[in-house]
Structures are given as structure tokens and as C-alpha cells.
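Analysis of the macromolecular model
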Amino acid sequence: MNVADIVVLIAAAAAIGGLGWFFFGPRRARAAELSGGVQRVQVTVRGGYSPDVIRARQGVPLELTFDRQESGDCTSRVVFPDLAVSAALPAYERTTVRLDPAAAGSFGFACGMNMIHGTLIVDPSGEGAADGQQPATGSAGTLSPAAGESAPADPGGAEAAGAGTGAADAEAAQAAERRAEITDLTRRVAAGAVLTAPVLFAVMAHEVFGAGWVPGLLLDRWWQLALISPVMFYAGWPIHRTGALTLRHRAADMNSLITLGTSAAYGYSLLVTLAPGLLPADVRDVYFEAVGVIITLILLGRLLEARAKAGTGEAIRALLGLQARTAMVIRDGAEAQIPIEQVVVGDEVLIRPGEKIPVDAVVLSGSSAVDESMITGEPMPCRSPNTTATPSSAPPSTPPDRCGYAPSRSAPTPCSPRSSAWCSRPRRPRRRSSASPTRSPGSSSRP
């Protein structure tokens, strides 16, 4: 082993150690600022989270304002799995996520695709907690999409923000973002396919099949450079941008891998084209076709994925459109129609024939034909069970109707959890209820 070999080994070891420290070394944590009894931190979302390590105090409410400065599905949602909090992050908007850190420890958070990660460190309340602050009794989060402002705290949890109008608005925003992404990806895939196809065809026919009829122009390195350069820098720009931003945040993902691979292939081919004399004669091959094929196929896969998600989003929006918007409540002996967001625990809700069940409720008495299309897909109103009817799972005395219920001549039987109308009603967040007496011509329930 000569001196050159030793120098190469030392340089390689130093490079490996430097890469290990870059990706896995300690990172600085950003401390939350305490103002008005609330801790606040702003997190920039652009290829990663900045800061990606946040330090907060136990027992003091925490507001994390995510300023998302990009589009795409990867960072469209932030998830705190240990805290059971998930929030949508609209593109180019600020979204505030409120947490109540009741327990000390380290809690990870990530994007919806689990590719970008961050850490929330909650210090025990005894370490520098503000005077007069009492530890919280629970842990919850809410989502308030806003353009620079925070909405009042909602202790009902992040799931409450996803219900009703909030869920529809969030889904509509994601749908608009996805449509823009599909349009952009379609242009880039078309450009990549048109420019890559001639180069790929010429190289494969000449190198693999030994075809001698391939035009020499298509095998010329300068011609291939001219065709693949737009694919590298225009079609592949979203990949390179995201990959570079991810590396800047001391992380790595599929985008950074593609960026490094295509950049190495393109850079080597460019060197062979511009200065072939710098390399031995047997290693002067170019790899422009590989660059074009990799980028085009990756973009094609993303386009197909975006189209599939767009179809799913249409189905979700159609389902949300079936939800009731108002409820008929009985307050102080008077009937009033109010938005479902204003229904509170203790209200009596009156369900008339053919109407939808607006909130989760328990029926004490009454029978009515209700719209169950959101639950069962049945387009016609179905007769709901009461204390004088039993599910069709019990032997009925008469044939059951299309909703699965049949009259019973026996003693009153409570509803089975397997029934679809009243007993297995999907629960809306913070809409618990108990029943009230029937008011003709429908049935009444209390949330």
C-alpha cells in the first residue's frame, strides 16, 4: 500500500464520517415563545420542516403555525401520531395546530406520506415553567386554516375541524391543488416523453439490436444533449427542487435519490461531450437516455397517482354533500331550524319524515321514514326502528322491508347495534346525545 492508497482511504473515511454526521448528527431545537399564557412557534414547510426540532413546556398550551410555501401531496398534511392529531395544510397558506402538551417527552410528527419528519420535545413543567401555569389535564389539537391569523382554541380536537363545512372546505382546497398539480405534471410528462423517445429509440436500436439504419444524427452526443437538457431542467425541476430542499434540511428521500442519480449521469455525460480527452477512450459513453427515461417515468407515476387521488377526492366530496346542514331543534317549547354547528348537548332534535339525521343522537321513542343515503346508499327514505320494532336479525312475524326492519308482536326490544338507522349512526365529533319524547309527525332525539 503506497501513500496514494492511504490518502484515498483516509479521505473516504472522512467523507463517510461527514455524511453520517450530516444526516444523523444532533440538531438545534427551536424553543417556543411564551406570550399571553400560550406558547407559539412558526414552522416553515418547504421541502421539510424548519425548524424540525421544537422545544416546549409541559402544561402550557402550544400553537404551531405551519407556513406551507409549496404544493404537492407530500406536505399537504401534518400528523402527530403520539398525540392523535392530524391536520391538513393548504398550499401557500398558514395553518395553526393547537396542542395541549400534558405529558413530557419526545413526540415525532411527519407529513402524510411519512417522508418528512420533525420532533416536538416537551420539557417537564418543573424545568422553567412560567409562574402561575398549571399543567393541563389532557391532550388535544385543533386545526384552523387561516391566512396569517389564528382562530380561537377548540378543545374538541383536530378531528372536529375535519367535520361539516370545515371538512368540505379542506377537501375543496386539496382538490383545487390537485387539479393544478395534474395540469403541471401533464405538461412535463408530455415534454419529457416527446424529447426522450427519439434518443431512447436510437440508443436501444443501435446498442442492443445492432441496427445500422439508425440515423447518425440521433446518435450524435451534441444532439442528445440538446434533447435531454430540457428534460433534465424543465421536466425534472419539481424533483430536483424538492430533492435539494430535502438535502438542505439534512434529510433524504426519493426525490434526493433521483436528483443525485440523474445529476451524476447528466454531469458525466456532459463531461464526455464537452471534453472527451480528459477520460480514457473505453469510458467515454454517455447516458443521456437514462436521464430522460428515469425522469419521465417518475413523473408519469406521479401523474397517475394524482389522477387516482383526484377520483377518490370526488367521491369524498360527493359523500360530504349528503350531510345535513341544518337541524330542527326544540328550545323552550318552540321549534327552530339552526345550523348543525350550533346544536349542543341537551338540545331536542325533531326529525320529520324524509329528513336526514343531522347529529349523533339516541331515540327514546318515535318512528319516521328518514334519509339514510349517506350511510346505506338507499335513495329512498327508510322507516327507522323504535321501541315497538326489532331488527330483522330477530325472526320477524312479517317480511322485513328494504331497510331491514320488521314489525314485532312481542314485547318492546331495544335496537341492535347492527341496525343501520338509529343504533349505528356514525358519530360526529362532540355531538353526543340522548333522546326526547316523540313529536308527531316525526321522531325526536336529543344530542
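Residues numbered from 1 in each chain as written. Predicted model: local features only at pLDDT ≥ 70, side-chain atom pairs only at ≥ 80, totals over all residues. Heavy atoms only, no water.

**Remarks on the sheet that holds strand 5 (residues 53-57)**
Basically, it comes down to this: In this analysis, strands are considered paired if DSSP registers two or more bridges between them. Secondary structure elements follow DSSP: runs of H or I of four or more residues count as helices, runs of E of two or more count as strands, with numbering from the N terminus.
Pairing in this open sheet of six strands is mixed, and the strands run 1-5-11-10-7-8 from one edge to the other. Bordering the open sheet on either side are strand 1 (30-31) and strand 8 (85-88), each of which pairs with just one other strand. In this structure, strand 7 (residues 77-80) lies alongside strand 10 (residues 105-111), joined through two bridges in antiparallel fashion. Residue pairing across strands places V79 opposite A110, the latter belonging to strand 10.

**Remarks on the environment of L245**
Applied cut-off: Contact definition: two residues touch when any of their heavy atoms are within 4.5 Å.
Turning to its location among the elements, L245 is positioned in helix 6 (residues 237-248). In the structure, L245 is positioned 197 residues away from G48 in sequence and 7.1 Å away in space, judged by C-alpha atoms. The contacts of L245, once residues within four sequence positions are left out, are R46 and G47.

**Comments concerning the nonpolar core**
The line we're drawing: Within this scheme, the nonpolar core is defined by two criteria: the residues are buried Ala, Val, Leu, Ile, Met, Phe, Trp, Tyr or Cys, and they are joined through side-chain atoms within 4.5 Å. Using a 1.4 Å probe on the protein chains alone, a residue whose accessible area is under 20% of its type maximum counts as buried, one over 50% counts as exposed, and one in between counts as partly exposed.
The biggest cluster of nonpolar side chains holds 25 residues, and the ones touching the most others in it are Y49, F66, V78, F80, L99 and L120. In terms of nonpolar packing, the next biggest core, distinct from the first, is built from 24 residues, L185, I239, I258 and V272 among them.

**Some thoughts on the confidence of the model for the chain**
Let me state the cut-off plainly: Scored between 0 and 100, pLDDT is the confidence that the predictor attaches to each residue.
Of all residues in the chain, 72% attain a pLDDT of 70 or more, and the chain-wide mean is 76. Contacts for the low-pLDDT stretch residues 127-164, under 50 throughout, to residues beyond four places or in other chains number 76 contacts. Counting interchain partners and residues more than four positions distant, the pLDDT-below-50 stretch residues 386-442 has 130 contacts.

**Considering the side chain of T196**
Here is the rule we go by: Any pair of N or O atoms that falls within 3.5 Å is considered a polar contact. Within protein, one atom must be able to donate a hydrogen and the other to accept it, and sequence-neighbouring residues count only if both atoms are side-chain atoms.
By the secondary structure assignment, T196 is in helix 3 (residues 164-208). Reaching out from T196, the side chain makes a polar contact with the backbone oxygen of G192 at a distance of 2.7 Å. With residues near it in sequence (within four places) discarded, T196 still touches I228, V231, E289, G292, V293 and T296.

**Regarding the pairing of strand 15 (residues 348-351)**
Of the two faces of strand 15, both are covered, the one formed by E348 and L350 as well as the one formed by V349 and I351. Sheet topology places strand 13 (residues 326-331) next to strand 15; three bridges connect them, and they run antiparallel. Note on strand 15: the bridge partner recorded for V329 is V349.

**Topic: unusual backbone geometry**
In this model, S50 is joined to P51 through a cis peptide bond whose omega is 5 degrees. Position of P51 relative to the elements: it lies in the loop between strand 4 (49-50) and strand 5. Positive phi, normally seen in glycine, also occurs at N114, with a value near 60 degrees. Inspection of the secondary structure puts N114 in the loop between strand 10 and strand 11 (117-123). Unlike most non-glycine residues, R250 shows phi in positive territory, near 60 degrees. Relative to the elements of secondary structure, R250 occurs in the loop between helix 6 and helix 7 (254-274).

**Focus: the packing of aromatic side chains**
Using the following cut-off: In this scheme Phe, Tyr and Trp rings, the latter by its six-membered ring, pair at centre separations within 6.5 Å, and the angle between planes marks the pair as stacked below 30 degrees, edge-to-face above 60, and tilted otherwise. Two thresholds decide whether a charge sits over a ring: the Lys NZ or Arg CZ must be within 6 Å of the ring centre and within 35 degrees of the ring normal.
Enumeration over the complete set of coordinates arrives at nine aromatic pairs. Ring plane angle 85 degrees and centroid distance 5.1 Å describe the contact between F22 and F23, whose orientation is recorded as edge-to-face. On the accessibility criterion, F23 (25% relative accessible area) is partly exposed. Judged by centre distance (6.1 Å) and plane angle (70 degrees), the ring pair of Y49 and F66 falls under edge-to-face. Of the two residues, Y49 is situated in strand 4 and F66 in strand 6 (residues 62-68); the sequence distance between them amounts to 17 residues. The two residues Y49 and F66 agree in class, both being buried. In textbook terms, an aromatic cluster arises when at least three aromatic residues are bridged by ring pairs, as seen for Y49, F66, F80 and F109. Its guanidinium or amino end placed over the ring of Y234, R188 lies 4.8 Å from that ring's centre, counting from NZ or CZ. Sitting over the face of the ring of F22, R250 holds its NZ or CZ atom 6.0 Å from the ring centroid.

**Notes on the packing of helix 5 (residues 221-235) against helix 7**
Just so we agree on the cut-off: Angular values range over 0 to 180 degrees, each being the angle between N-to-C directions of two axes fitted as lines to C-alpha atoms, with helices fitted over their stretch in contact. Angle categories: roughly parallel below 35 degrees, roughly antiparallel above 145, roughly perpendicular from 65 to 115, and oblique for all the rest. A crossing counts as left-handed when the near helix is turned anticlockwise from the far one by less than a right angle, and as right-handed when that turn is clockwise. By the convention adopted, Pro, Cys, Tyr, Trp, Phe, Met, Ile, Leu, Val and Ala count as nonpolar, Lys, Arg, Asp and Glu as charged, and the other residues, Gly among them, as polar.
Put simply, helix 5 and helix 7 touch, their axes get as near as 11 Å, and they point 155 degrees apart. With respect to each other, helix 5 and helix 7 are oriented roughly antiparallel. Seen from above, helix 5 lies across helix 7 with left-handed handedness. Residues R221, W222, L225, S229, M232 and F233 of helix 5 form the contact with helix 7, whose own contacting residues are T262, S263, Y266, L270, V272, T273 and L274. Its residues placed into classes, the contact of helix 5 with helix 7 shows eight nonpolar, four polar and one charged.

**Here we look at the pairing of strand 8**
As paired strands, strand 7 and strand 8 are joined by four bridges and run antiparallel to one another. What sits directly across from R77, in strand 8, is A88. Counted along the chain from strand 7 to the antiparallel partner strand 8, the turn is four residues long, and its residue A84 has a positive phi close to 55 degrees.

**So, the pattern of salt bridges**
Basically, it comes down to this: Salt bridge, as used here, is a side-chain nitrogen of Lys or Arg placed within 4 Å of a carboxyl oxygen of Asp or Glu.
Here the structure, examined in full by the defined rule, presents eleven salt bridges. Linking R40 and E63 is a salt bridge whose minimum nitrogen-to-oxygen distance equals 3.3 Å. Of this pair, R40 sits in strand 3 (residues 38-45) while E63 sits in strand 6, and the two are 23 residues apart along the sequence. Exposure remark for E63: the relative accessible area of 11% places this residue in the buried category. In this structure, E335 and R352 form a salt bridge, with 2.9 Å as the shortest nitrogen-oxygen distance. In this pair, E335 is assigned in strand 14 (residues 334-339) and R352 in the loop between strand 15 and strand 16 (362-363), connecting sequence segments 17 residues apart. When its relative accessible area of 43% is taken as the criterion, E335 is described as partly exposed. Take R352: its relative accessible area is 25%, and that puts it in the partly exposed class.

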